[in-house]
Protein chains: 2
Amino acid sequence: MKDLDIEITLSSKKKTIPPFDQLEFGRTFTDHMFIWDYTEGKGWHDPRIVPYQSIALDPAATVFHYGQTVFEGLKAYHTKDEQILLFRPDQNMKRLNRSNDRLCIPKIDEELALSALKQLIAVDRDWVPTVEGTSLYIRPFIIATEPHLGVEPARNYRFMIILSPVGAYYKEGINPVRIAVESDYVRAVAGGTGNAKTAGNYAASLKASESASENGYSQVLWLDGKERQYIEEVGSMNIFFKINGEVITPVLNGSILEGITRKSIIELLKYWNIPVVERKISIHEVQQAYNDGLLEEAFGTGTAAVISPIGELFWQNEKLAINNGEIGQLSKKLYDSLTGIQKGTEPDPFGWTLKL
Amino acid sequence: MKDLDIEITLSSKKKTIPPFDQLEFGRTFTDHMFIWDYTEGKGWHDPRIVPYQSIALDPAATVFHYGQTVFEGLKAYHTKDEQILLFRPDQNMKRLNRSNDRLCIPKIDEELALSALKQLIAVDRDWVPTVEGTSLYIRPFIIATEPHLGVEPARNYRFMIILSPVGAYYKEGINPVRIAVESDYVRAVAGGTGNAKTAGNYAASLKASESASENGYSQVLWLDGKERQYIEEVGSMNIFFKINGEVITPVLNGSILEGITRKSIIELLKYWNIPVVERKISIHEVQQAYNDGLLEEAFGTGTAAVISPIGELFWQNEKLAINNGEIGQLSKKLYDSLTGIQKGTEPDPFGWTLKL
Ligand SMILES: Cc1ncc(COP(=O)(O)O)c(C=O)c1O
Ligand SMILES: Cc1ncc(COP(=O)(O)O)c(C=O)c1O
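Worth saying up front: this structure is predicted, and the values here are computed from it rather than measured.

Cut-off values and rules
Residues numbered from 1 in each chain as written. Chains lettered and ligands numbered in written order. Predicted model: local features only at pLDDT ≥ 70, side-chain atom pairs only at ≥ 80, totals over all residues. Heavy atoms only, no water. Axes fitted to C-alpha atoms, helices over the stretch in contact; angles between N-to-C directions. Helix = DSSP H or I, 4+ residues; strand = E, 2+ residues; numbered from the N terminus. Parallel < 35°, antiparallel > 145°, perpendicular 65-115°, else oblique. Left-handed = near helix turned anticlockwise from the far one by under 90°. Contact = heavy atoms within 4.5 Å. Nonpolar A, V, L, I, M, F, W, Y, C, P; charged D, E, K, R; others polar. Buried area = accessible area lost by both parts, 1.4 Å probe. Salt bridge = Lys/Arg side-chain N within 4 Å of Asp/Glu carboxyl O. Near = heavy atom within 4 Å. Polar contact = N/O pair within 3.5 Å; in protein donor to acceptor, adjacent residues only side chain to side chain. Areas by Shrake-Rupley, 256 points an atom, 1.4 Å probe, with all protein chains shown as cover. Least-squares fit on C-alpha atoms with pLDDT ≥ 70 in both. Buried < 20%, exposed > 50% of the residue type's maximum accessible area, 1.4 Å probe, protein only. Pairing = 2+ DSSP bridges. Expected span 1.5 Å × (residues − 1). pLDDT = per-residue confidence, 0-100. Core = buried A, V, L, I, M, F, W, Y, C linked by side-chain atoms within 4.5 Å. Right-handed = clockwise from strand over helix to strand, strands pointing away. Phe/Tyr/Trp six-rings, centres within 6.5 Å; stacked < 30°, edge-to-face > 60°. Lys NZ or Arg CZ within 6 Å of the ring centre and 35° of its normal.

Caption draft 1: Structural view of the packing of helix α2 (residues 89-102) of chain A against helix α3 (residues 110-123) of chain A. All names here are of chain A. Between α2 and α3, the shortest axis-to-axis distance is 9 Å and the interhelical angle comes to 125 degrees. In terms of orientation, α2 and α3 fall into the oblique class. For the element pair α2 and α3, the recorded crossing hand is right-handed. Taking contact as the criterion, the partners of P89, D90, M93, K94 and N97 in α2 are, on α3, E110, A113, L114 and L117. Split by residue class, the contact of α2 with α3 holds five nonpolar, one polar and three charged.

Spelled out as C-alpha cells, the structure:
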C-alpha cells in the first residue's frame, strides 16, 4: 500500500478524553484532524495533521451557497488484544470517489486517503474507546472553498478527516424502533443525488424526520419519488425485510445509497446460504405480507447503528407490528456476527477488517 | 417599517473598488458584511456589520455535512439621479422564510432582515456600480453552525449578507443562449427541496451543466423527475414560452422555485393584457408547437440575467431553432421594461422598487 507523506503538527494542549461509558454520538472530537487542499492546476497538496481547530473560510465559499460537498462515515474498533480494526475502509474511499464524480469534485487517490486516515488514527489512538458498544467514528469529507457566487464547480477544495469517539447510536441498545412511512416528502429520485453521500440529501430529509418524531416515530421509511410506492431507505439507513424465509432489500436504482453495511449483509447471508435478493419492493407488498402473516423481520442497516430492527411500521393510519415489536432472530444473528467481525471477536472469513 | 439595531464596526482598510466596466459575476465583495447569530433558546441575536472577513467554523459544523442552509439573491441598482433602488426585496425575505421552513431553520423577522440589508448597503453605497448593465448583487444566506455529526436540525445558525458589484450576467449581452434538454439528471422532484433556495439543489445541478457545456450548450432545460416530460426550469432560471400568441410558464408544482422575476413577468404581462398562463407544459408540446411553426419565443427569467432568451433547444438529437436564434420581440420588451423599472428609468406602476 502507498503511504502519504504527511506533515504532522502535534497539539500542545491535549483535551481530556471523556469517560468511554458516557459518550454521545458526534459531539466530542479528538485532538487532531487531517487536512488536504486542492487547487486547480496543482491537484491535492499539503496533506497535514494539525490540532483539531476551527477552519476559516470566505463567506462566499461555494460550500455555503451551492453545497458542493461529499462525505463518508466509518468506524474504528478497539479489540480485546489492544489492536485497532477498521471495517472495509477501502469501500468508503471508493464510494467517496463515486460521490465526488456526481458532485463534480476532483477525485482523491483512494490509497493515499486511506493512508492519511490510518496515520490520523495512529496519532489519536488513545481516543479509540474500549467500552462494549463504543467505537471511533471517522468522518472524511470534502468541501468546496473557492469564494465565488456562481453555479459551477469550484476551483478549490479541502479534504478533511475528523474523529469522534461514539457510544451506541441508539442509547436504548438495539431495541426495535418505530418507523413512519413517509408519504409527503421524498428523499431522492433517480437522476438526482440519492446515490451520492452529499450534504443536500440530509438537509432534504430533516423536515420528514421532524414530523415523524413529533408523532412519536424515530424515523421515516422513504418511498420512491416517482410512483411513491417502492421502498428506498429508512432514515439514513438501507432497509431489509424477511418475508416467508427470504431476505429482500431494495435494488440499487440510482436514488438509494449503496451502503457498505448493506453490501456486507448481503455477502454474509449468501455465505450462510440464506436466500437474499435485491429487487424492487413496494409498501403494498410489505403490507400484504404482513396481512398474510409472512412478514417476519425488518431492519435498517448502516455504519452508525449497524443493524436497527424495526418493531413497527406506520402506514396510512395502520400500525404493522413486526415480530411483536421484538428483535428478530436473523436481525440479532446479523448484528452479533457483523459487530463480532468488526471488533475482532469473530473470525473474518472475508478479509473485511484492516488492522491499523 | 421596523429598524434593526445593529452594531457597526467600520473597516479601517478600505479595498480598492474595481472599475465598474470590468466586473465579473460574484468574485469581488464589498468592504463590509452583515452577521446575525441564532442560538437555541435565545433566538437571533447580536446583529452586526463588520469588515468583510473570513468566518471561523468548527469542522463538524452541520452545514459542511448535512447541508442545512438557505439563501437569497437580489440586486440594488444605481439610478441616474444618484439614488439606490432595491427590487421587491420583501419578496426575497418571504421566500427566505419559506426556504427556512423546508430546511428546518428558524425563521427570521422579515422586516428586520430587510432593515439589516438596507443598512449594509448604506455603509457600502460607493460599491453600487453606476455603469449600464451593472448592479450590486446581494446575497443573504443562513448556515447551520452547530458542531454536531447527527442528522437533525442544528441548534445554532448564522445569517449573513454579503454584497458583490456585478457586471452583466452574460458577458455577450442578452444574446440568445443554446440550451440542451436534460434527460439523465433531475434537478428536483415534488416532495424534495426544489421549491426552496437551498444549497443542495445547486450541487445536484452541476453534473448536468458540465456535460451540457462540454457539448457547447450554455445550460440545461430540466424536465420533471417523475415522468421526465414536463418542463420545470432552465439552468437556475424559470422558463417561459410564447406559443401562438400566448405566454406559458410551468405552474408551481412543488419542485420549481418560485422566482420573483417570474412573478413580476406574469404581473407585467397581465398588466399589458397579453395572455399568460401557468400550467403544465411538456417538451412534446413544445416540440409540436415548433413543428407547427407556432413556437415564437422562449426565455429564462431570474435575478442574475433578468431575461435570457433561448435561441436553440437541443432535444433527442434535434435542434429547435427558436425565432431564428434571435431575441424575440416580447423577450426584448420584457427585458427593457423590467430593467427600466429596476433602474428607475421607467415608471413603476406596481410599487416594486424600494428606495434606500
Ligand atoms: C442515506 C444513507 N443510506 C444508507 C447508509 C448506510 O451506509 P453504510 O452502511 O455504508 O453506513 C447511509 C450511511 O450511513 C446513509 O447516509
Ligand atoms: C433554481 C432557480 N430557479 C429560478 C430562479 C429565479 O428566481 P428569481 O427570479 O427570484 O431570481 C432562481 C434564482 O435566481 C433559481 O436559483
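Next, the rest of the story.
Caption draft 2: Structural context of the interface of chain A and chain B. The partner chain B presents 61 residues to the 61 residues of chain A that form the contact. Interface area for chain A against chain B, summed over the two sides, is near 5,100 Å², with a carbon-plus-sulfur share of 60%. Linking chain A with chain B are five salt bridges. Among the ionic pairs, R27 of chain A bridges to E152 of chain B, the shortest N-O distance being 4.0 Å. Counting only elements with at least two residues in the side of chain A that touches chain B, the list comes to β4 (55-57), α1 (62-66), β5 (69-71), α2, β8 (135-144), β9 (156-166) and α4 (199-214) of chain A. In terms of residues, the side of chain A that touches chain B owes the most to one element, α4 of chain A, which gives nine residues. Counted by class, the side of chain A that touches chain B contains 33 nonpolar, 15 polar and 13 charged residues.

Caption draft 3: Broad picture of the site of ligand 1. Residue and element names in this part refer to chain A. Near ligand 1 you find 15 residues, and of these Y202, E233, I260, T261 and T303 are the closest. For ligand 1, a nitrogen atom lies 2.4 Å from a polar atom in the side chain of E233. Separating an oxygen atom of ligand 1 from a side-chain N or O atom of T303 is a distance of 2.6 Å. Summarising the interface, the protein chains cover 94% of the accessible area of ligand 1, which totals 390 Å² for the free molecule. Elements with a minimum of two residues in the shell around ligand 1: α5 (260-271) and β16 (295-302). Residue classes in the shell around ligand 1 are distributed as four nonpolar, seven polar and four charged.

Caption draft 4: Highlighting the relation of the copies chain A and chain B. The transformation that overlays chain A on chain B combines an axial shift of 0.0 Å with a rotation of 180 degrees, and the residual RMSD is 0.0 Å. Here the two chains are linked by the operation of a two-fold rotation axis. Taken together, the interface assignments show that 100% of the residues at the interface of chain A recur at the interface of chain B, consistent with an identical surface on both copies.

Caption draft 5: Fine view of the pairing of strand β11 (residues 219-223) of chain B. Residues and elements named next belong to chain B. Within β11, five of the five residues are buried, leaving the element largely enclosed by the surrounding structure. Where β11 meets strand β12 (residues 231-234), three bridges bridge the pair, whose relative direction is antiparallel. Bridge pairing in β12 links L221 to V234.

Caption draft 6: Local environment of the pattern of salt bridges. If you walk through the whole model with that rule in mind, you get 37 salt bridges over all chains. The partner of E296 of chain A in a salt bridge is K242 of chain A, and the shortest N-O contact between them spans 2.9 Å. Residue E296 of chain A is found in strand β16, and its partner K242 of chain A is found in strand β13 (residues 238-243); the two are separated by 54 residues along the sequence. Residue R262 of chain A pairs with E278 of chain A through a salt bridge whose shortest N-O separation is 2.8 Å. Within this pair, whereas R262 of chain A is found in helix α5, its partner E278 of chain A is found in strand β15 (residues 276-278), the two being separated by 16 residues in sequence. Taken together, the shared-partner salt bridges connect E24 and R27 of chain A together with E146, E152 and R155 of chain B into one network.

Caption draft 7: View of the side chain of R187 of chain A. Topologically, R187 of chain A is positioned in the loop between β10 (177-181) and α4. Every residue in contact with R187 of chain A, bar those within four places of it in the chain, is listed here: G194, N201, W222, E233, S255, I256 and L257 of chain A.

Caption draft 8: Summary view of α5 of chain A. All names here are of chain A. Here α5 contains twelve residues, and its C-alpha end-to-end distance of 16 Å stays within 8% of the 16 Å for a straight helix at 1.5 Å per residue. For α5, the set of buried residues is I260, T261, R262, S264, I265, I266, L268 and L269. Positioned one or two residues after α5, N273 has a phi angle of 60 degrees, which is positive.

Caption draft 9: Structural detail: the site of ligand 2. Residues and elements named next belong to chain B. Lining the immediate surroundings of ligand 2 are 15 residues, of which Y202, E233, I260, T261 and T303 lie closest. Measuring from an oxygen atom of ligand 2, one finds a side-chain N or O atom of R95 at 2.8 Å. Within the side chain of Y202, a nitrogen or oxygen atom sits 2.4 Å from an oxygen atom of ligand 2. Protein contacts shield 94% of the accessible area of ligand 2, which totals 380 Å² for the unbound molecule. When residues of the shell around ligand 2 are traced back to their parent elements, those giving at least two are α5 (260-271) and β16 (295-302).

Caption draft 10: View of the confidence of the model for chain A. In this model, chain A carries an average pLDDT of 96, and 99% of its residues clear a pLDDT of 70 or more. Model confidence for the complex: the whole-complex pTM is 0.98, and ipTM, which rates the interface, is 0.97.

Caption draft 11: Spotlight on the packing of α5 of chain B against helix α7 (residues 329-343) of chain B. All names here are of chain B. One way to put it is that α5 packs onto α7 with a least axis distance of 11 Å and a crossing angle of 105 degrees. The angle between the axes of α5 and α7 places the two elements in the roughly perpendicular class. In this structure, α5 uses T261, S264, I265, L268 and L269 to contact α7, whose residues at the interface are L330, L334, S337 and L338.

Caption draft 12: View of the nonpolar core. Counting residues in hydrophobic clusters, the biggest one holds 46 residues, and the most contacted among them are F64 of chain A together with F64 of chain B. Here F64 of chain A is in contact with L57, D58 and P59 of chain A together with I55, L57, V63, F64, T69, F141, I143 and A199 of chain B, once residues within four sequence places are set aside.

Caption draft 13: Seen up close, the pairing of strand β14 (residues 246-249) of chain B. Residues and elements named next belong to chain B. Of the strand pairs in this sheet, strand β13 (residues 238-243) and β14 are connected by three bridges, and their pairing is antiparallel. For F241, the partnering residue across the bridge sits in β14 and is I248. Two successive antiparallel strands, β13 and β14, enclose a turn made up of two residues, where N244 displays a positive phi of approximately 50 degrees. On the question of chirality, the crossover connecting β14 to the parallel strand β15 (residues 276-278) by way of α5 is right-handed.

Caption draft 14: Up close: the packing of aromatic side chains. This structure, assessed with the given rule, holds 37 aromatic pairs over all chains. Considering the side-chain rings of F240 of chain B and F299 of chain B, the 5.3 Å spacing of their centres and the 5 degrees angle between planes classify their relative orientation as stacked. Pair noted here: F240 of chain B is in strand β13 and F299 of chain B is in strand β16, with a separation of 59 residues, a long-range link. Considered together, F240 of chain B and F299 of chain B belong to a single accessibility category, that of buried residues. Ring pairing ties together the aromatic residues F34, W36, Y38, W44, Y157 and F159 of chain A, which thus form one cluster. Above the plane of the ring of W272 of chain A lies K333 of chain A, whose end atom (NZ or CZ) is 4.3 Å from the centre.

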